[in-house]
Amino acid sequence: MRQIRSIAFYTLLEAVRNRMVWLIGVVALIAVGLSGFVDSLAVTESRQMQAALVAALARFAAVFIVATFVVTSMAREFNDKALELLLALSLPRAAYLFGKLLGYGAIALLPAVLFGALMLLYAAPLQAAIWTVSLVCELWIVAGFGLLCILTFKNVMAALSAAMTFYLGARSVSAFVLLAQGQASEAGASQRVIGGVFDTLAAVLPRLDEFTRSDWLVHNSGSWGNLPAIVLQTLLCMALIGGVALFDLYRKNI
């Protein structure tokens, strides 16, 4: 545990030194500026439109920032031979991996908490709190999958593209379900095969479309009852991602 905490601490310290907080602050200022522009254009329900715009922008920005940091940070360790140096010491590979996951999980709290505080300007405190907790879970899944991608590909562009494709696909699960139902209603065999593919994608991918929903902020429709299913999905995804990443790390000849 001491080794895991040390790796997590220095991973978090790297994010602070790279001025991630400043980047998050710049994104928050841009979101506030855009919301002011929307407020000047909207005739009615300007607060709801502002909340929806800022929530969508903040969510995607947080995902992109976390995924990019995870991928580039690990790629830098590969290029600097830091991973080989650490594993040459009496450090189990499992301790290294779990330390990184813990560190990236702590880093994910930074944009989630800051953007959650920003949402207090546009929504009720309860809805902003539920939205923030859900965003933390969403960012943990993205960080874990980004770590898995960079361990697998060892290439920044390939890993980041895979991570973002996974995220966009997981956010589109509802569309996959509707497409599968539409294809299943067709008589042709090819349509049924395509519907089966969409069904498989909907079954495999996490339901990120149920995470961090903007309508919670717009219509005050969120409740603490939404969170247990989200937390359970997060734990299952992180366990699966951690197991696959650990297997991939141990099989590598480093």
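Basis of the calculations
Residues numbered from 1 in each chain as written. Predicted model: local features only at pLDDT ≥ 70, side-chain atom pairs only at ≥ 80, totals over all residues. Heavy atoms only, no water. Helix = DSSP H or I, 4+ residues; strand = E, 2+ residues; numbered from the N terminus. Buried < 20%, exposed > 50% of the residue type's maximum accessible area, 1.4 Å probe, protein only. Contact = heavy atoms within 4.5 Å. Phe/Tyr/Trp six-rings, centres within 6.5 Å; stacked < 30°, edge-to-face > 60°. Lys NZ or Arg CZ within 6 Å of the ring centre and 35° of its normal. Core = buried A, V, L, I, M, F, W, Y, C linked by side-chain atoms within 4.5 Å. Axes fitted to C-alpha atoms, helices over the stretch in contact; angles between N-to-C directions. Parallel < 35°, antiparallel > 145°, perpendicular 65-115°, else oblique. Left-handed = near helix turned anticlockwise from the far one by under 90°. Nonpolar A, V, L, I, M, F, W, Y, C, P; charged D, E, K, R; others polar.

Engineer: Can you lay out the overall build of the protein chain for me, pointing to particular residues and giving the numbers?
Structural biologist: In terms of helices and strands, the protein chain carries 11 helices and zero strands. Along the protein chain, from the amino end to the carboxyl end, the secondary structure elements read α-α-α-α-α-α-α-α-α-α-α. Counting over 254 residues, the protein chain shows a buried share of 46%. Within the protein chain, residue pairs in contact and separated by at least 24 positions form 79% of the contacts whose partners lie at least 6 positions apart.

Engineer: If you had to explain the packing of aromatic side chains to someone new, which residues and values would you point to?
Structural biologist: One pass over the full model with this rule turns up three aromatic pairs. Geometrically, the ring pair formed by Phe 145 and Phe 166 is stacked, given 4.0 Å between the ring centres and 15° between the ring planes. A residue pair is termed long-range when its members are at least 10 positions apart, and Phe 145 in helix H6 (residues 125-153) and Phe 166 in helix H7 (residues 156-171) qualify at 21 residues. Under the relative-accessibility criterion, Phe 166 is labelled buried at 13%. Over the aromatic face of Phe 78 sits the side chain of Lys 154, whose NZ or CZ is 5.3 Å from the ring centroid.

Engineer: An account of the environment of Pro 206 is requested, with residue identities and associated values reported.
Structural biologist: Assignment of secondary structure puts Pro 206 in the loop between helix H9 (189-204) and helix H10 (214-219). Expressed as a C-alpha distance, the spacing of Pro 206 and Leu 236, which sit 30 residues apart in the sequence, is 9.4 Å. Leave out the neighbours within four places in its chain, and Pro 206 touches Phe 166, Ala 170, Val 173, Gln 233 and Cys 237.

Engineer: Now, about the nonpolar core: what can you tell me, with residues and values included?
Structural biologist: Among soluble globular proteins, nonpolar side chains are generally buried collectively. Membership of the largest hydrophobic core comes to 76 residues, with the highest contact counts inside it found for Phe 115 and Leu 147. Excluding anything up to four places from it in sequence, Leu 147 contacts Val 70, Met 74, Leu 97, Lys 100, Leu 101 and Tyr 104.

Engineer: Give me unusual backbone geometry: which residues, what numbers.
Structural biologist: Positive phi, normally seen in glycine, also occurs at Thr 212, with a value near 45°. Among the secondary structure elements, Thr 212 is positioned in the loop between H9 and H10.

Engineer: How would you explain the packing of H6 against helix H11 (residues 227-251) if you had to name every residue and give the values?
Structural biologist: Where H6 meets H11, the axes come as close as 9 Å, and the angle between the chain directions of the two elements is 15°. One element, H6, and the other, H11, form an angle in the roughly parallel class. Of the two possible hands of crossing, H6 and H11 adopt the one that is left-handed. On H11, the residues that touch Ile 130, Val 133, Ser 134, Cys 137, Trp 140, Ile 141, Gly 144, Phe 145, Leu 148, Leu 151 and Thr 152 of H6 are Leu 227, Ile 230, Val 231, Thr 234, Cys 237, Met 238, Ile 241, Val 244, Ala 245, Asp 248 and Leu 249. Residue composition of the contact of H6 with H11, by class: 17 nonpolar, four polar and one charged.

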